[in-house]
Structures are given as structure tokens and as C-alpha cells.
Amino acid sequence: MSSRSSASLLLIVAFPLAVSACDREEHHSRAKPVGETVPSGESPQTIFPGSSSPPPLDVRAKLYDNNANAISQGQQLYMQMNCVGCHSHGGGGMGPPLMDDEWRYGSRIDQIATTIAEGRPNGMPAWRGKLTEDQIWDLAAYVRSMSGLPSKDAVSSRAEEMSGPTPQTLTPKPEPTNSDAVPSQ
Amino acid sequence: MRRVRIAIAATGSLAVASIALTACNRNPNPPPSTAQVYSKLPGGPRTLPAAAASPADDGNWVMPGKDYAATRFSGLTEINPANVKDLSLAFTFSTGTNKGFEAPPLVVNGTMYIVTPFPNYLYALDLTKPGAPAKWTFKPKPAAASQGVACCDVVNRGAVYDDGKIFFNTLDGQTFAVDANSGQMVWRTKLGDIQKGETVTMAPLVAAGKVLVGNSGGEMGVRGWIAALDEGSGKLAWKAYNTGPDKDVLIGPDFHPFYAMDQGQDLGVKSWPPDAWKIGGGNVWGWISYDPETRMIFHGTGNPGPWNPDQRPGANKWTTGVFARDVDTGKARWFYQSTPHDLFDHDDINEIILADMPWGKGRRPVLLRPARDGFFYVQDRRTGQVLSATPFGYVNAYKGVDLKTGQIIPNHDKDPKVGRVVRDICPAAPGLKDWNPAAFSPVTGLVYIPHNNLCMDFGAMQANYISGTPYVGADVKMYAGPGGNRGVFTAWDPIRHRAVWEIKEDLPLWSPALVTAGGIVFYGTMDGWFKAVDARNGKQLWQFKAGSGIIAQPISYKGPDGRQYIAVICGVGGWSGAIVSGQMDPRDPTGALGFANAMKDLPMKSTTGGMLYVFAVKR
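Since the structure is predicted, the reported quantities are computational estimates derived from the model, not experimental observations.

Reading the values: the criteria
- Residues numbered from 1 in each chain as written.
- Chains lettered and ligands numbered in written order.
- Predicted model: local features only at pLDDT ≥ 70, side-chain atom pairs only at ≥ 80, totals over all residues.
- Contact = placed C-beta atoms within 7 Å.
- Nonpolar A, V, L, I, M, F, W, Y, C, P; charged D, E, K, R; others polar.
- Pairing = 2+ DSSP bridges.
- Helix = DSSP H or I, 4+ residues; strand = E, 2+ residues; numbered from the N terminus.
- Axes fitted to C-alpha atoms, helices over the stretch in contact; angles between N-to-C directions.
- pLDDT = per-residue confidence, 0-100.
- Core = buried A, V, L, I, M, F, W, Y, C linked by C-beta atoms within 7 Å.
- Buried ≥ 20, exposed ≤ 12 C-beta atoms within 10 Å, placed from the backbone.

(A) Here's a closer look at the interface of chain A and chain B. Contact residues are listed per partner, giving 28 residues for chain A and 32 residues for chain B. Residue classes in the side of chain A that touches chain B are distributed as eleven nonpolar, 15 polar and two charged.

Next up, the structure:
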């Protein structure tokens, strides 16, 4: 193999990496505002009578999901707002685990945002009015990242805690994954 | 006028009739107390349960502790070391729950009562019929959201029977009185507020016409209290907080703590940073004992909040200690703080056994307390004076207890500090022994202690107080202590301050113990083994594998057929078993406040499921 061809191979590999790196760092502070509500967030596992498919993903999902800035902001809020007290560093305790692939109320980021905003009847508190919509979406991005669903290049390589689990970049994904993550044929 | 007079006359004759009835029922020779029965056994003077607090066994089991002295001792002798190998199943009953089951069943005159973890169903089983079918089920319907503010699984530690009623608490902070025959509610009183993170998990105690209840929430910044409800009406008689000004704590002229460290005005305010006592814990989620002779109750207080000690400089009165209070008024008589300025979540809420110990030429009324901080305390019941305090397992977080000042001697190498992780702290947060009570036998004079052997790494960090959410401020990882076994069952001699025998157990012991006059000790393990061992030497005599791990207390009762039965309920969970009952992810060592790290193998060793098992020896 000539040195020229290996250089071009490197370029081919490096180009998409560079592109995704730009995406993941994007701060959408000047973006066009989108609706100021957290969606109702139906689960894809929910039955929708009279239709064959779940509602489309909320338009704001792509601004937060897989976004390193949102995930790291969410990671700090997770500690500050005492999420850690119930869910630990993802392993659970008073609340269910978040790092596994079981989602009682759906694994989509808009569904997670809804859970945080509205609470759930078995003890999840409702944070609407206590956190801004942006903070709720940041938290949802971080919570989703705990399960290993976003790509590893978006998550933080250092843990917020002193004595917790291995950093997210090193945490193996559970197998098999929840059916939420399986594309339908 | 006339009508009124008739009414009075009728009431009068009713009163006379009921007095006459009582008189008829009264045995001219009342049965002797447990203390009298066993005082004359050969082998010299022995430690005996407080006489007034331990009537001789009538074959029922009406409160978790068996009696006010909290002996968990059954006077029945049919099952003994010779025939225990023939114990076999008499009947079973599925509780319909899959959370940690900590409550013992109760047996009252041919009916068994079972209170479950959330949703706190109360079942009555008819022991007079084959297979013990259910008579009725009472569903209190506690608020579902209460599950989100219960620190360590949604457990309930039991019900209590008195005067025709069953009393129990629900997770969302209500106390219920239910007619023991009909299963109809008599009254309900709500004392707890889940919006503040307050729950109730303890078993009430009924004494002197009062139902005594305390709150949980030491991990949620909940201010601890104990309250007395009128047994007949459920109305609040008194309520004493365990932090704050003296008037809230019911401290007055009758309060005489033995040691200088516990003396002073409004220490419940002064020993805290400004206003920190309002969210400072000191909850009453464990056990209460009662001495009818002096009309005093004894109860411990839980950990101060948050766990991060740097946020609460001071002694943090009146957390992690023991109160003696007047049962009628709640007024404090004395207090002893086992661990001033608690550093490790060492709640002092464990059972308090009331005993009379040989002392010089006579006897001394004492409390026997196998405590979470690892010391077995023997204290004078009248004053709180510590007579001895000896570690009953491996302890490196404290160096001892100074009997002159009453002060525990800390090991400053293990002091947590914000921003650093302190390693190898023993005992870990659940203590050398947690809530699950020991049993005391007047036959052997020994205290049978099921307990842990766990150490921990502790990383303190700033905790934010947001009401209704956890207030902890610590990352914890627990693991097995020296030897590698996570549990120990120790038979302790309170007079000679030493273990007589011990059994090493792989998993932490989370089930209370039962000891019988037949000479057998019963306890369960978290992988579902229900064991019978010889009370004299710890030799295993029998075991049975239940469907789920056992963290509930076994009991012994005399059935309607006159035979002796042993009953226990399985159902893994609780703080130690939350990794299974909460379906937690074992990859996070800090899960369940750090207990998950020590229990990673439990999901392979037990699944959930509440089930009652009742055993008898085949005839």
C-alpha cells in the first residue's frame, strides 16, 4: 500500500468524524425558537387505536439528543437537583435504574422529558415549573445517555462523582437491548 | 330528666356487668411472668427479661417483639433439638407482593394477621380450618407516590394487636385501627406528609392505651418525631420531635440525662447550624419498648441529615441516641447520644431489650442494645448510664466508649471530608447490625444477634435540600468486611461481654431472630434458607429453602389444635435487597446508597415474592 493511499484513507475516516464532532458541540443559543412545551411523549410501546404508528419524534429532540453540551449540562443538573439521590449514578435505588435498557415510560428523549416534567404516579416528582424547559431537555439528554443509547462521542469521559461507576465512555451496553431500540421491518 | 336518668342507670349497669365479666375472667392465680418461670433454672443467677414487661407465653404472638421487653422469645417447648429435624410444612399463603417483606405475622386466638409491604394489605387467616383460608383482606390504599420517597424499599415492619383491634401504619404516613374480627376500619389518622418526603415504615407499639408511631425520612431531610394516638379514637395525645427547642422535644423539669454531654437548654437547636435542625432527621423508624412498672417507653432516634457531616457541625441533638419518655405525656426522662455528630448513617433505632441483670447481690434494671455503631450497650434503665459497651464484631470507625463521660471515642482517620473519599470504614452505613432485631432467651441468658460484616468507602459532597427529594450528599460503596463473609449470627453473653458462638453467613443477615424455650434459634438468609440452630452451641439442626430471600421475623405460636407452629414470610428486598426488589443495575456500585456494590450476586441468588410458610413437627 502506498503512502498516498493510506493518507486518503485517513481523510475518509477523519471527515465524518469531524462532521459529527461539530454536531455534538453545537450550542443552539441563536437557533430559531421552537415550541415552549415539553410534549406528551407517548411510548412507541403504547397502542394507538386507529393508526399504525406512534406520533413522530418531537422536533426539539434533535437539538438535545446526542448533543455533548446538553448532556454535560444535564449531568450537572442531575447532581444538583438530587436525581442522584433516587436513581444513583444510573443504577437506581429509591427510583428505578436509568443505565439499563428498560424504560417504563419510553426511551425516546421526548418521552423522558415528559417524565421529568410531569412526574409519574409511582413516586417520580413533577419538575415542571421548578426547571426551565431547556433544563428539562438537558436532563433528558443526560438520562438517555446513561443507557448507552446516544453515541459514545457525545458523552462525557469523566464522571461528575468521586466514587461512582466507570465513565460513560467505558460502560458496556447491555445485551440484548430493549425492543424500543430495534428498528421495525 | 327521666330519660337521662335511665340512660345513666343503663350505663351504670353495663359498667358493673363488664367489671363482673373481667372479674370472672381473671384467674385467681395469675400466670407467672417469664422472669419468674426461668429464674429458678440451675446454673446460678441469670439475666432475665423485665418481669412487668414479659408475661408468660400464652401461645399467641401479638406484637413483633413478642412482649414489651422485646425478647422475641417463645415459651413453647414442643419443638426441641431432638425433633426439629422433623419440622415439615403445615400450610402456605402467597402475600401477592414482590417487595421486601420485613413484618412478622401475628397470631391471636386462632387467627393469623399479616401486613404486607406497600400497598400494605392486611390479611386475616383462619387457623381453625384446614389450609388456613383467608377470612378477610383489608386494603388501606396508601398513596402510590409514597413509593418515591421511601429510602430503602417500600417495607413495613409489622402490625400489633390489642383489645380487639389490629393497628398498623401505611407507607404514606397513616395509622389504621381495624376490627380484628370483622376486618372493618375503626379509625385512621394521618400523621405523615409525603410532600416533605415523610413516610412511616415502623411497627407501632400499643401501651397504656396509646398507639405509638414514629416517622421515617432520614435520607430526605425529614424532622423526626414520635407520636401517641389514643387507642380508642385515634386522636393525637402527644407528639415529641427529636430536634429543635426543648418544648418541641417535650424536654422539661423531669429530664435528667446522665452525662454532661446531653445536658443543657435547647440543645436540639444549639447543636446545629442555624435552622439545620428543621431538616435534620432523628427519625423513629425502628423499635419501641415499654416498662409498665415505671410507665416509661424507650426508643432510639435515627441519623442526622444530610449524611455529609460537614454541612451540620455540632453534636446534632437529639439524633442517633436513645430517649426514655413517659408513656402518658411523652415527656423525656433521659437521653443518651451514642454517636454525637454521626458521621456514617449510624441510626440508633435498633431494638431495646428490657432485662434485669444480676448485679452485686441483687439485680439491676438494664437495657440491652446491640447497636448499629457496632457496640453492645448495657445501660441502666432508670438513668441511661452506660454500664458496658463492647464491640460485637469488627469495628474500626470508633476506638471505644468512655464510660466516665459516656462519649464514644472516634477514630479520626475515618472522618469523612467533602471532596475526598475515605476508604475501609467499618461498620458501613447499615451498621454492624441494622433494624432486624435480636432475640433474648432467659433459658440461656444469651442475646441472639443477626448482623452484618460490611465496610465502606465514603465520599462526602454538598447536598442540596429540595423538599420531597433525597438529602444525602455522599457517594458510598459497600463491601464485605474482614473474612469476606457479609453476615454473622452471634450469640452474645451480656454479662461477660463476649460472643459464645457465631455463625459466618455469606450474605448480610437482614432477618430478625426468634428463640424458643425448646432451645432453638430460628433465622433466615437473603438467599432463602430458613435455619434452625441449637441455642446452646449454634449447631445447625434443620433448614428449609424458601422461594425468595428471607428478611422477615419468624414467630412461634400454639395453634387451635394445641400444637407448636413456626411461621416465617419470605420476600427479598429492603435496603440490602433493593438490588433485586428494585430491579437495579449492578454496574453502578453506588446504587441503593452504596449497598448495591456489596450485593451484586444477589440477583443470581434470589428472586422476589412474598410467601408465608408455617411449619410443625409431624405427629
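After that view of the structure, there is still more to cover.
(B) Inspection of the sheet that holds strand 19 (residues 332-337) of chain B at higher detail. Residues and elements named next belong to chain B. Strand order in the open sheet formed by four strands is 16-17-18-19, with antiparallel pairing between adjacent strands. The open sheet is flanked by strand 16 (288-291) and strand 19, the only strands paired with a single partner. The average undirected angle you get between the axes of adjacent strands in this sheet is 15°. With five bridges joining them, strand 17 (residues 296-300) and strand 18 (residues 321-326) adopt antiparallel strand pairing. When the bridges of strand 18 are listed, Gly300 appears paired with Val322.

(C) Just the sheet that holds strand 36 (residues 540-545) of chain B, in detail. Residue and element names in this part refer to chain B. With mixed pairing, five strands are arranged side by side in an open sheet as 2-33-34-35-36. Edge positions in the sheet fall to strand 2 (73-74) and strand 36, since each of these pairs with one other strand and no more. Across two bridges, strand 2 lies against strand 33 (residues 514-516) in parallel orientation. For Ser74, the partnering residue across the bridge sits in strand 33 and is Thr516.

(D) The arrangement of the confidence of the model for chain B in detail. Residues and elements named next belong to chain B. In this model, chain B carries an average pLDDT of 94, and 95% of its residues clear a pLDDT of 70 or more. Scored below 50 in pLDDT, residues 1-26 makes zero contacts in the model with residues more than four places away or belonging to other chains. Our summary of model confidence lists the complex with pTM equal to 0.90 and ipTM equal to 0.90.

(E) Focus on unusual backbone geometry. Following Gly305(B), the chain continues to Pro306(B) via a peptide bond in cis, the omega torsion being -5°. Residue position: Pro306(B) is located in the loop between strand 17 and strand 18. In this chain, Lys317(B) is followed by Trp318(B) through a cis amide linkage whose omega measures 0°. Considering the arrangement of structural elements, one finds Trp318(B) in the loop between strand 17 and strand 18. Notably, Asn66(A) is not glycine yet its phi reads approximately 70°, a positive angle. One can find Asn66(A) in the loop between helix 2 (61-64) and helix 3 (68-80). Of note, the phi angle at Asn82(A) is positive, near 70°, even though the residue is not glycine. Locating Asn82(A) in the fold gives a position in the loop between helix 3 and helix 4 (83-87).

(F) How the structure looks around the nonpolar core. Counting residues in hydrophobic clusters, the biggest one holds 224 residues, and the most contacted among them are Ala140(A), Ala159(B), Ile353(B), Tyr448(B) and Val521(B). Broken down by element, this core gets its largest block of residues, eight residues, from helix 6 (residues 133-146) of chain A.

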